[in-house]
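Here is how the chains run, residue by residue.
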Amino acid sequence: MESIKSIYRIGNGPSSSHTMGPKKAAKQFFEQNQKAKTFRATLFGSLAATGKGHLTDVAIASVFPEGALEIIWKPKEFKKRHPNAVSFEALNENGDVINEWTAYSIGGGAIVDEHTKLEESHIYPFKNMDEVLRYCNRNGLHLWEVVEAYEDDDIWDYLRKVWDIMVASVERGLENEGVLPSHLKLPRKAASYLIKAKAYIGSMRKRAEVFAYALAVSEENAAGGKIVTAPTCGSAGVMPSVLYYLRSQHNFSEVKILRALATAGLVGAVVKMNASISGAEVGCQGEIGTACAMGSAATTQLFGGTIFQVENSAEMGLEHHLGLTCDPVGGLVQIPCIERNAFAAARALNHNAFAMLNDGRHRISFDKIVQTMKQTGHDLPNIYKETSTGGLALFSGMADDE
């Protein structure tokens with residue numbers, strides 16, 4: 001498995017696969033071809049279908065000199081390696097192509113090309129969660145200790161920075177009000193939800209606070225604010241809201257929070273290796289489902305769960321999002337993406353309660369759910385995988401009227 005740093009990437013929204021990844025690829029190509037006169041970028045598949053709503057063109061264009069880039073859109077043409085493909089061409093003063101490169105944005109802001117061998121970046125000797133659990137059980141370790149053993153020495157500093165940015169995104173989102181940028185004219189809700197939460201007591205107040213925190217981060221992401229992928233921009237509201245809520249309610253120390261982030265990152269890394277965290281590849285189950293699994297695992301660890309209860313909690317987080325489609329209205333990371341983060345956060349807390357009531361034994365393992373999610377994603381038609389050509393996205397006109 002890769003480093004959990006590949007799960008927690010710091011950047012600006014609204015999409016890790018459609019803005020962060022393509023911008024990173026554009027920078028890499030431009031740095032290698034600065035003597036070129038003009039450039040051309042051709043977007044394929046999902047990257048082209050929802051690129052304008054995800055600001056893909058804006059992200060790529062920001063890298064090149066003004067007026068030097070031509071963008072071509074091919075939403076119906078899909079490359080074999082991944083649905084999110086972009087081909088760059090560098091041209092001389094005569095308009096001749098002097099260099100070209102195709103990159104794939106595979107989710108979470110990561111990019112690869114035809115020559116990339118993902119195995120080269122693996123730092124963990126485990127293939128799945130079962131191997132991780134057996135290693136932990138044999139050595140008396142918890143999941144976060146596996147991260148400490150195999151990551152670089154700077155992992156805790158990195159996770160501390162991740163946590164600081166998560167906290168900042170929650171608090172910034174709670175302060176910001178108004179309408180989110182887009183033709184949908186969707187109003188922010190986080191601030192009002194937190195105010196209304198104070199009028200309640202008991203479980204209703206707590207649930208409203210979780211909703212507010214998740215909405216805050218997701219709205220910041222939709223507005224292009226600075227967030228942390230966990231594991232993607234579209235699902236970036238789940239982990240921060242769950243951990244922010246638990247810290248405020250139970251006064252968990254920073255050390256405990258960072259260890260929970262480590263465990264959650266390991267869960268995300270297992271999914272990324274054995275399936276996908278890309279909505280364009282497997283639908284929203286790969287994004288929100290993985291984020292919920294991460295939040296569920298983190299919560300159960302914080303409450304003293306065993307490694308088996310943590311695995312059970314993560315399994316439920318992914319299992320109960322199987323088949324979730326990615327059909328954003330208008331190609332924007334707003335409807336239904338923002339609300340999905342809030343509900344996934346609430347589910348993560350429920351999964352913890354369910355897991356802590358049992359001894360961690362259950363019939364369907366996390367690894368089997370990951371395999372099922374991958375197959376389900378491959379079986380989904382492309383209209384349900386971040387192309388905005390089916391499902392809820394077809395009601396974009398209705399959304400305009402509401």
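Computed from a predicted model, the values in this text were never measured in an experiment. (Residues numbered from 1 in each chain as written. Predicted model: local features only at pLDDT ≥ 70, side-chain atom pairs only at ≥ 80, totals over all residues. Heavy atoms only, no water.)

1. A closer look at the overall build of the protein chain
And step 1. When helices and strands are counted, the protein chain shows 16 helices and 7 strands.
And step 2. In terms of C-alpha radius of gyration, the protein chain reaches 21 Å, essentially the compact-globule figure of 21 Å for 402 residues.
And step 3. Projected onto its principal axes, the C-alpha coordinates of the protein chain cover approximately 70 × 50 × 40 Å.
And step 4. For the protein chain, buried positions account for 57% of its 402 residues.
And step 5. In the protein chain, the proportion of contacts linking residues at least 24 apart, taken out of those at least 6 apart, comes to 79%.
And step 6. Accessible surface, the protein chain: about 17000 Å² in total, of which carbon and sulfur atoms supply 50%.
And step 7. Charge centroids of the protein chain, computed over 41 positive and 45 negative side chains, lie 2 Å from each other. (Helix = DSSP H or I, 4+ residues; strand = E, 2+ residues; numbered from the N terminus. Rg over C-alpha atoms; globule rule 2.2 N^0.38 Å. Buried < 20%, exposed > 50% of the residue type's maximum accessible area, 1.4 Å probe, protein only. Contact = heavy atoms within 4.5 Å. Areas by Shrake-Rupley, 256 points an atom, 1.4 Å probe, with all protein chains shown as cover. Lys, Arg positive; Asp, Glu negative; His and termini not counted. Charge placed at Lys NZ, Arg CZ, Asp CG, Glu CD.)

2. Here's the deal with the sheet that holds strand S4 (residues 84–91)
Within a sheet, adjacent strands bond to each other through the backbone by hydrogen bonds, running parallel or antiparallel.
And step 1. An order of S3-S2-S4-S5-S6 is seen for the 5 strands of this open sheet, with the pairing classed as mixed. Strands with a single pairing partner mark the edges of an open sheet, and in this sheet they are strand S3 (69–74) and strand S6 (110–112). Averaged over neighbouring strand pairs, the angle between their axes works out to 25 degrees when direction is ignored.
And step 2. As judged from the 6 bridges shared by strand S2 (residues 38–44) and S3, these two strands associate in the parallel manner. Each bridged residue has a counterpart across the sheet, and for phenylalanine 39 the counterpart in S3 is leucine 69. (Pairing = 2+ DSSP bridges. Axes fitted to C-alpha atoms, helices over the stretch in contact; angles between N-to-C directions.)

3. Overview of the environment of glycine 279
And step 1. With respect to the helices and strands, the residue glycine 279 is situated in helix H11 (residues 279–282).
And step 2. For glycine 279, a relative accessible area of 0% corresponds to the buried category.
And step 3. A sequence separation of 93 residues divides glycine 279 from threonine 372, and the C-alpha atoms of the two residues are 15 Å apart.
And step 4. When neighbours within four sequence positions are excluded, glycine 279 is seen to be in contact with Glu287, Cys326, Lys385 and Glu386.

4. With respect to the packing of aromatic side chains
And step 1. Applying the stated criterion across every chain, the model contains 15 aromatic pairs.
And step 2. Summarising the aromatic geometry, the rings of phenylalanine 29 and phenylalanine 39 are spaced 6.3 Å apart at their centres and angled 80 degrees between planes, so their arrangement reads as edge-to-face. Residue phenylalanine 29 is found in helix H1 (residues 16–32), and its partner phenylalanine 39 is found in strand S2; the two are separated by 10 residues along the sequence.
And step 3. On the basis of relative accessible area, phenylalanine 29 is assigned to the buried category, the value being 1%. (Phe/Tyr/Trp six-rings, centres within 6.5 Å; stacked < 30°, edge-to-face > 60°.)

5. As for the side chain of threonine 232
And step 1. By the element assignment, threonine 232 lies in the loop between strand S7 (226–228) and helix H9 (238–250).
And step 2. Here threonine 232 falls in the buried class, since its relative accessible area comes to 1%.
And step 3. A distance of 2.8 Å separates polar atoms of two side chains, one belonging to threonine 232 and the other to serine 235.
And step 4. When residues no more than four places from it in sequence are discounted, the contact partners of threonine 232 are Ser16, Gly108, Ile277 and Glu287. (Polar contact = N/O pair within 3.5 Å; in protein donor to acceptor, adjacent residues only side chain to side chain.)

6. Thoughts on the confidence of the model for the protein chain
And step 1. Summary statistics for the protein chain give a mean pLDDT of 94 and a share of 97% for residues scoring 70 or more.
And step 2. Scored below 50 in pLDDT, residues 397–402 shows 4 contacts in the model against residues more than four places distant or in partner chains. (pLDDT = per-residue confidence, 0-100.)

7. Remarks on the pairing of S2
And step 1. Most of S2 sits out of view: 5 of its 7 residues are buried.
And step 2. Here S2 runs beside S4; their pairing, made up of 7 bridges, is antiparallel. Bridge pairing in S4 links threonine 42 to serine 87.

8. Structural notes on the nonpolar core
And step 1. Ranked by internal contacts, the top residues of the largest apolar core, which has 89 residues, are Tyr8, Met239, Leu261 and Phe366.
And step 2. With 11 residues, the top contributor of residues to this core is helix H10 (residues 254–274).
And step 3. By size, the runner-up hydrophobic cluster in this structure holds 20 residues, among which are Phe30, Ala41, Val63 and Trp101. (Core = buried A, V, L, I, M, F, W, Y, C linked by side-chain atoms within 4.5 Å.)

9. Considering unusual backbone geometry
And step 1. Across the junction of glycine 13 and proline 14, the peptide omega takes the value 10 degrees, indicating a cis bond.
And step 2. Mapped onto the fold, proline 14 is located in the loop between strand S1 (10–12) and H1.
And step 3. In this chain, isoleucine 335 is followed by proline 336 through a cis amide linkage whose omega measures 5 degrees.
And step 4. As for its position among the elements, proline 336 is in the loop between helix H13 (307–319) and helix H14 (337–356).
And step 5. Located in the positive-phi region is serine 388, a residue other than glycine, with phi close to 55 degrees.
And step 6. Residue placement: serine 388 occurs in the loop between helix H15 (366–379) and helix H16 (396–401).

10. Looking at helix H4 (residues 129–139)
And step 1. Considered for burial, the residues of H4 that qualify are Met129, Val132, Leu133, Tyr135 and Cys136. Each buried residue of H4 lies within a common arc of 160 degrees when the element is viewed along its axis, so the set occupies one face. Every exposed residue of H4 that faces more than 90 degrees away from the buried side is listed here: Asn137 and Arg138.
And step 2. Looking at the packing, one finds that the buried side of H4 touches helix H5 (143–150), H10, H13 and H15.
And step 3. A distance of 3.2 Å separates the backbone nitrogen of aspartate 130 from a side-chain oxygen at the start of H4, and that oxygen is part of asparagine 128.
And step 4. Glycine 140 occupies a position one or two residues after H4 and carries a positive phi of about 65 degrees. (Arc of directions from axis to C-beta.)

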